[in-house]
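Single-letter residue listing:
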Amino acid sequence: MKTSDFVTFSKLPVQERLEQIAQAAGLTQEETAILQNANSLSMEKANSMIDNVIGRYSLPLGCAVGVVVNGREYCVPMAFEEPSVVLGVSYGGYMSAFTGGVFTSDTGSVMIAQVMLMDIPDIHSAKNKLYEHQAQITELCNAQDPVLVSFGGGMVGLDARVVPSAVGQMLVVHLKVDTKDAMGANAVNTMAEAVSPYLEEITGGTAYTRILSNLAVERLVRARTTIPQEVVGGESVVDKIVITAAFAQADPFRAATHNKGIMNAISPIVMATGNDLRAVEAGAHAYAAIHGQYTSLSTWEKDTQGNLCGTLELPMAVGIVGGATKIHPTAGIALKILGVQSACELAQVMVACGLLQNLSALKALATEGLQKGHMPRHARNLAATAGASGEVLEKIVEQMVAENKINLEYAKELLAQYGA
Ligand code: MEV
């Protein structure tokens, strides 16, 4: 699909969109049937995933098209409820494709598990003793997960810090574990718990907390893209986007919304692929405050030719094996549509989409505002809420938008008028 085809794709009937994606991704008939079935997650599977299951909850699954990352074009499945975002990613993809798309890199797939020890009088000596025993600690951790080790993963480093707190000094140990294609929460939590008695033995302290950190700074993804000035709408639009982005860097109130816009693209891909949404959100927002003040995760600047250059950097703890990625039938299909070969590739596509969505939001904010693009979708929601469907719904939406009279009462009035 050409990146410029994203508008045509959006105008297709649902069935045709599905057929195009199914063909591109080589989905089987069974897989396309799963995508159309709101109950494809069986009660039995649902009950194995969380506690006290009483039912299932389905969300729309959309697909952003024309997203080019490191020279490869992706169709990106997104599961969530917010209008305009899927098209925002595609539009960003279209604009960035003029210079080859988004270019990304990652720092690998290393998760951090923390063990916090206290009640250690000679805490600085204890810290050094830990480093002296790094080989034994590594061996003990790796013994917990031979499968991970057989895939080339396992513990790759150790850090220890003395941290002052309201209840006294703490010795905070970081076990750095390469979890490869898994998000790795279970693997690292198991290691942290298993190794704690040995850490107590080495330091003479008591281990209190043994759990991963969601501030996954050893699992960063960096993305960048350049948009030609004429594609973004001219020099004044470039300048306004740069100013809008600077506002987010300077002010935490704006930064929260700016970053929410970035996560508008990332979180639905996390959901679609069965990954841990809360972990990714926690990592992103903690990273945005890592230097003491909450700020924006992206930067936007102008190059010497006047083109718009954007960057985005954040931790991305996601996997393609384990957890819901394998249990939820739709998650497996979403991964197949994406066609990613590793957790790092998935993470890179996610961050690229975050940058593209940020671009579309900033462009809208810097020019016509958001509501103009949002209103037809809102009108559609209202018409559906009023009880309209099919052709009548289309007529009602058209009329509400044309008259700029978009509210539920009017949708109901029109529905009565059209005799539905
Ligand atoms: C809306 O869900 C997200 C935006 O508010 C992001 C932003 O303001 O940058 C449009």
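In the block above lies the structure referred to throughout.
Summary of the structure given here. (Residues numbered from 1 in each chain as written. Predicted model: local features only at pLDDT ≥ 70, side-chain atom pairs only at ≥ 80, totals over all residues. Heavy atoms only, no water.)

1. Considerations on the packing of helix H6 (residues 123-132) against helix H9 (residues 185-203)
Part 1: Between H6 and H9, whose axes approach to 9 Å, the crossing angle comes to 125°. Between H6 and H9, the angle is such that the two are oblique. The two elements H6 and H9 cross, and the hand of that crossing is right-handed. Counting all contacts with H6, which are made through Ala-126, Lys-129 and Leu-130, the residues of H9 involved are Leu-199, Ile-202 and Thr-203.
Part 2: Residue classes in the contact of H6 with H9 are distributed as four nonpolar, one polar and one charged. (Axes fitted to C-alpha atoms, helices over the stretch in contact; angles between N-to-C directions. Helix = DSSP H or I, 4+ residues; strand = E, 2+ residues; numbered from the N terminus. Parallel < 35°, antiparallel > 145°, perpendicular 65-115°, else oblique. Left-handed = near helix turned anticlockwise from the far one by under 90°. Contact = heavy atoms within 4.5 Å. Nonpolar A, V, L, I, M, F, W, Y, C, P; charged D, E, K, R; others polar.)

2. Re the pattern of salt bridges
Part 1: What the rule picks out here adds up to 12 salt bridges.
Part 2: Across the salt bridge formed by Glu-31 and Lys-336, the nearest N and O atoms sit 2.9 Å from each other. Pair noted here: Glu-31 is in helix H3 (residues 29-36) and Lys-336 is in helix H15 (residues 329-338), with a separation of 305 residues, a long-range link.
Part 3: We classify Glu-31 as buried; its relative accessible area is 18%.
Part 4: By relative accessible area, which is 32% here, Lys-336 ends up partly exposed.
Part 5: In this structure, the salt-bridge partner of Asp-159 is Lys-176, at a minimum N-O distance of 3.0 Å. Linking Asp-159 in strand S5 (residues 154-163) with Lys-176 in strand S6 (residues 170-178), this pair joins segments that are 17 residues apart in sequence. (Salt bridge = Lys/Arg side-chain N within 4 Å of Asp/Glu carboxyl O. Buried < 20%, exposed > 50% of the residue type's maximum accessible area, 1.4 Å probe, protein only.)

3. Remarks on the site of the ligand
Part 1: The local shell around the ligand consists of Glu-82, Arg-254, Thr-257, His-258, Lys-260, Gly-261, Asn-264, Ala-361, Leu-365 and Leu-370.
Part 2: One of the side-chain N or O atoms of Glu-82 is found 2.6 Å from an oxygen atom in the ligand.
Part 3: At 2.7 Å from an oxygen atom of the ligand is found a side-chain nitrogen or oxygen belonging to Lys-260.
Part 4: Residue contributions to the shell around the ligand peak at six residues, all from helix H12 (residues 252-272).
Part 5: A class-by-class count of the residues in the shell around the ligand yields three nonpolar, four polar and three charged. (Near = heavy atom within 4 Å. Polar contact = N/O pair within 3.5 Å; in protein donor to acceptor, adjacent residues only side chain to side chain.)

4. Focus: the environment of Thr-203
Part 1: Position of Thr-203 relative to the elements: it lies in helix H9.
Part 2: Along the sequence, Thr-203 and Thr-385 sit 182 residues apart, while their C-alpha atoms lie 63 Å from each other.
Part 3: Those residues within four positions of Thr-203 in sequence are excluded, and the remaining contacts are Leu-117, Ile-120, Ala-126, Leu-130 and Leu-171.
Part 4: Side-chain polar atoms of Thr-203 contact the backbone nitrogen of Gly-205, separated by 3.1 Å.

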